[in-house]
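# Architecture at a glance
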Amino acid sequence: MTDTSVAAQVAAKWRKKRGSLIMALHELQDIKGYVPWDDAMEMAKDMNVPLARIYEVLTFYNFFKLEAPGKAVISVCTGTACYLKGNDKTLEEFKKQLGIDEGESTPDKMFHLQCVRCVGCCGLAPVCVVNGKTYGRVTTGDVSNIIAEWRKKFEDEDKE
Ligand code: FES
């Protein structure tokens with residue numbers, strides 16, 4: 001699942017249901033931790049909703065976050081399939097290694113940890129998503145690698 005395809009997939013799911021814009025934005029925020037403006041524009045196009053309407057909804061409801069709560073938003077799926085395959089242990093490992101609870105960001109704002117309900121890849125359970133990149137069949141042993149991968153990515157970007 002790429003960054004842009006998350007918005008496209010969510011839009012495709014909700015496009016035919018009337019009055020579903022808020023639900024679609026809600027789902028996008030669940031997966032990404034906030035509603036990136038580029039994704040909102042993509043969803044407006046895909047759902048055939050005027051961009052002004054999406055802007056109105058996003059700014060009216062305080063619930064929607066328009067800024068990333070951390071550079072990397074780690075979403076641990078706690079939907080049924082992932083829970084049954086032990087993602088609660090993955091969540092605990094992320095908490096331990098990052099020193100934060102779910103819904104919190106690290107003091108340097110590099111990582112934000114959240115739980116989400118079924119991201120639609122149950123066949124890969126247990127699943128985590130970081131900034132739209134999906135990790136399937138995650139074990140507690142993968143947690144440090146995932147954190148290191150994103151830390152390195154940001155450090156490399158800072159050097160450029
Ligand atoms: S329950 Fe985790 S992807 Fe469906």
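Residues numbered from 1 in each chain as written. Predicted model: local features only at pLDDT ≥ 70, side-chain atom pairs only at ≥ 80, totals over all residues.

### Remarks on the packing of helix H2 (residues 21–32) against helix H3 (residues 37–47)
The criterion, for reference: Lines fitted to C-alpha atoms define the axes, with helix axes restricted to the stretch in contact, and inter-axis angles between N-to-C directions lie between 0 and 180 degrees. Helix numbering and strand numbering both begin at the N terminus, where a helix is a DSSP run of H or I of at least 4 residues and a strand a DSSP run of E of at least 2. Handedness of a crossing is defined here by the sense of rotation of the near helix relative to the far one, left-handed for an anticlockwise turn of less than a right angle and right-handed for a clockwise turn. Each residue gets a C-beta atom placed from its backbone, and two residues are in contact if those atoms lie within 7 Å. For this classification, Asp, Glu, Lys and Arg are treated as charged, while Ala, Val, Leu, Ile, Met, Phe, Trp, Tyr, Cys and Pro are nonpolar and the rest, including Gly, are polar.
Look at H2 against H3: their axes get within 12 Å of each other, and the N-to-C directions meet at 145°. Read as a crossing pair, H2 and H3 show a hand that is right-handed. Packed against H2, whose contacting residues are Leu21, Ala24 and Leu28, the element H3 presents Asp39, Met43 and Met47 at the interface. Split into classes, the residues belonging to the contact of H2 with H3 amount to five nonpolar, no polar and one charged.

### What about the pairing of strand E2 (residues 111–116)?
A regular strand places its side chains so that they alternate between the two faces of the sheet. Spelled out, the test is: The burial criterion counts other C-beta atoms lying within 10 Å of a residue's C-beta, which is placed from the backbone; the residue is buried at 20 or more, exposed at 12 or fewer, and partly exposed between these limits. Criterion used throughout: strands pair if DSSP finds at least two bridges between them.
Counting buried positions over the six residues of E2 gives five, a clear majority of the element. Bridge count between strand E1 (residues 72–77) and E2: six bridges; the pairing is parallel. Within E2, the position partnered with cysteine 77 by the bridge is valine 116.

### Section: H3
Two residues of an α-helix separated by three or four positions point the same way, owing to the 3.6 residues in each turn. Our working definition: Throughout, the arc means the angular range of directions from the helix axis out to the C-beta atoms.
Every buried residue belonging to H3 is among Asp39, Ala40, Met43 and Met47, and all of these are buried. Buried residues along H3 cover an arc of 100° about the axis, so they all sit on one side. When the buried face of H3 is taken as reference, the exposed residues oriented beyond 90 degrees from it are Asp38 and Lys45.

### Focus on the sheet that holds strand E3 (residues 128–130)
Across the sheet, which stays open at both edges, the four strands sit in the order E2-E1-E3-E4 with mixed pairing between neighbours. One side of each edge strand has no neighbouring strand; the edge strands of this open sheet are E2 and strand E4 (133–135). Sheet twist, expressed as the mean angle between neighbouring strand axes with direction ignored, is 20°. Sheet analysis places E3 next to E4, joined by three bridges and oriented antiparallel. Each bridged residue has a counterpart across the sheet, and for cysteine 128 the counterpart in E4 is tyrosine 135.

### Some points on the domain arrangement of the chain
The test is simple: These domain limits were set by an automatic method or by a database of domain assignments.
Segmentation of the chain into domains returns domain 1 (3–60) and domain 2 (72–159). A C-alpha centroid distance of 23 Å is found between domain 1 and domain 2. Counting residues at the interface gives seven residues for domain 1, matched by eleven residues for domain 2. Listing elements by their share of the side of domain 1 that touches domain 2, those giving two or more residues are helix H1 (3–14) and H2. Among the residues forming the side of domain 1 that touches domain 2, the class breakdown is two nonpolar, two polar and three charged.

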